[in-house]
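One-letter residues, chain by chain:
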Amino acid sequence: MSLKTKVGIIGGGPSGLMLSQLLDLRGIDNIVLEKHSREYVLGRIRAGVLEHGFAELMREAQCGERMDAEGEIHEGFYIADNGKMQRVDLAGHTGGNSVVVYGQTELTRDLYDAREKMGGNVIHNVEDVKLNDLKSDAPYITYRDGDEIIRIDCDYVIGADGFHGVSRKSIPADVLQEYEKVYPFGWLGVLSRTKPVSPELVYAKNDRGFALCSMRSQVLSRYYIQVPLTDTVEDWSDDAFWDELKARLPQDVADALETGPSIEKSIAPLRSFVAEPMRYGNLFLAGDAAHIVPPTGARGLNSAASDIYYLYHAMVDHYENSDDTGLENYSEKALARIWKAQRFSWWMTSLLHTFPESISYDSKLQKTDMEYLFSSEAALTSLAENYVGLPF
Ligand code: FAS
Ligand code: PHB
């Protein structure tokens, strides 16, 4: 069987769904191919903080209603340095900008609901997706549905299939340039139906290791602790997790911590990764398919937002105005903002984590970086403008 569409989108995560919704609203036909079921995709616990730009994109995609009703506006967060708590005033340092605390799971649910309401074409449980004739004017995608091979002819293919997807790997090795940095630790994350310990996020630097106190709502908390790469989830009982988290927090915060059974517990390794270029012929990479950051700066999902914003406007200019400037400039423009998010995520990670093999000189630099941050309005402004999101 064969299908035809203007834009073939591989990946039904936030990147693919957001682009599909925005294009459909402008009458640009598209099909989304997703490897897993909707339930599986919604079962993944990931990001929790949305930049101003991402929230605006959700509203433009007519998916922002629940986010605006249930999400929390945060105008600051805390950094605890071995017990000393200091607040980063995001609004004060960015002329009033803020972030929205709203889980990726919920925003992905909103995007799926919006796709369904518009009769969007999202095909789940696809197998053996292959990208073909990407350098031609008539690229096509094939995938297997049971014993049948389905062909989708399209003008453009969007690779929004995440770090482990097939799209990036469809770019020839002699064309693709990959940049990677792997960190010597991971994050053990716990979700619990407990009241968040603080009204704003707490990023804790501690000689025992980094910890983060976040939330999904006033009754759903999200906590992380830095762990060695050799640790497994089985090594950490709930009690052991809560004890270690308390040991890394300022005493008054630890004393206020409400513990409870974990309803999700997982370990994510930390890496920085960028693939260049983000375009090959009529294939455009977006989101985690092209770049990954350590979650310390809450840039992961938010980096996908600017890719989608650029691609959306480029496709509209192509189909409505026969103007391909946006498509031709996409990779360069997206990468310019991606690398700034990479820098910020690396810097936040370097500032706040304990590096097991760190030499004493680097430990002194880390201490100095923290002292400089809270002694300089310019340094705090730099942190704040990156955290709320640099302009698209
Ligand atoms: P995604 O990976 O979300 O979606 C890609 C989709 O493509 C998936 O649904 C996958 O099933 C599908 N797919 C893959 N291969 C396919 C194929 N061959 N055919 C069809 N479909 C295919 N970011 C933050 O900002 N803060 C965080 O705290 C944070 N925590 C994270 C924790 C973990 C464990 C992980 C893995 C990521 C985390 N991130 C975080 C980053 C994360 O939120 C990503 O930035 C976000 O999911 C990117 O969205 P997509 O680009 O849509 O990629
Ligand atoms: C989260 O709530 O999952 C979260 C928040 C901020 C981060 C990373 C993760 O920097």
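What counts as what
Residues numbered from 1 in each chain as written. Chains lettered and ligands numbered in written order. Predicted model: local features only at pLDDT ≥ 70, side-chain atom pairs only at ≥ 80, totals over all residues. Heavy atoms only, no water. Salt bridge = Lys/Arg side-chain N within 4 Å of Asp/Glu carboxyl O. Helix = DSSP H or I, 4+ residues; strand = E, 2+ residues; numbered from the N terminus. Buried < 20%, exposed > 50% of the residue type's maximum accessible area, 1.4 Å probe, protein only. Near = heavy atom within 4 Å. Polar contact = N/O pair within 3.5 Å; in protein donor to acceptor, adjacent residues only side chain to side chain. Nonpolar A, V, L, I, M, F, W, Y, C, P; charged D, E, K, R; others polar. Phe/Tyr/Trp six-rings, centres within 6.5 Å; stacked < 30°, edge-to-face > 60°.

A.B. asks: I would appreciate a short explanation of the pattern of salt bridges in the present structure.
C.D. replies: For the structure shown, the criterion picks out 24 salt bridges. Put simply, arginine 208 and glutamate 244 hold a salt bridge, and the shortest N to O gap is 2.8 Å. With arginine 208 in the loop between strand S15 (202-205) and strand S16 (211-217) and glutamate 244 in helix H7 (residues 238-248), the pair connects residues that are 36 residues apart, well separated along the chain. You can call glutamate 244 buried: its relative accessible area is 11%.

A.B. asks: In this structure, what is going on with the site of ligand 2? I would like to understand it.
C.D. replies: Around ligand 2, the surrounding shell holds 14 residues, and the nearest of these are Tyr203, Ser214, Arg216, Tyr224 and Pro295. A distance of 2.7 Å is found between an oxygen atom of ligand 2 and a backbone nitrogen or oxygen belonging to proline 295. At 3.4 Å, a backbone N or O of alanine 298 approaches an oxygen atom of ligand 2. Secondary structure elements with two or more residues in the shell around ligand 2: S16 and strand S17 (220-227). Ranked by the residues each element gives to the shell around ligand 2, the list is headed by S16, at 3 residues. The residue makeup of the shell around ligand 2, split by class, is 8 nonpolar, 3 polar and 3 charged.

A.B. asks: What is the right way to look at the packing of aromatic side chains in this model?
C.D. replies: Given two aromatic rings, their pairing is described by the distance between the two centres and the angle made by the two planes. The final tally for this structure, using the stated rule, is 18 aromatic pairs. On the basis of an interplanar angle of 75° and a centroid distance of 5.2 Å, the ring pair of phenylalanine 185 and phenylalanine 355 is categorised as edge-to-face. Taken together, the positions of phenylalanine 185 in strand S14 (residues 177-192) and phenylalanine 355 in the loop between helix H10 (325-352) and helix H11 (360-373) put the pair 170 residues apart, joining distant regions of the chain. Among the residues examined, phenylalanine 355 registers a relative accessible area of 26% and is labelled partly exposed. On the basis of an interplanar angle of 70° and a centroid distance of 6.0 Å, the ring pair of tyrosine 309 and tyrosine 310 is categorised as edge-to-face.

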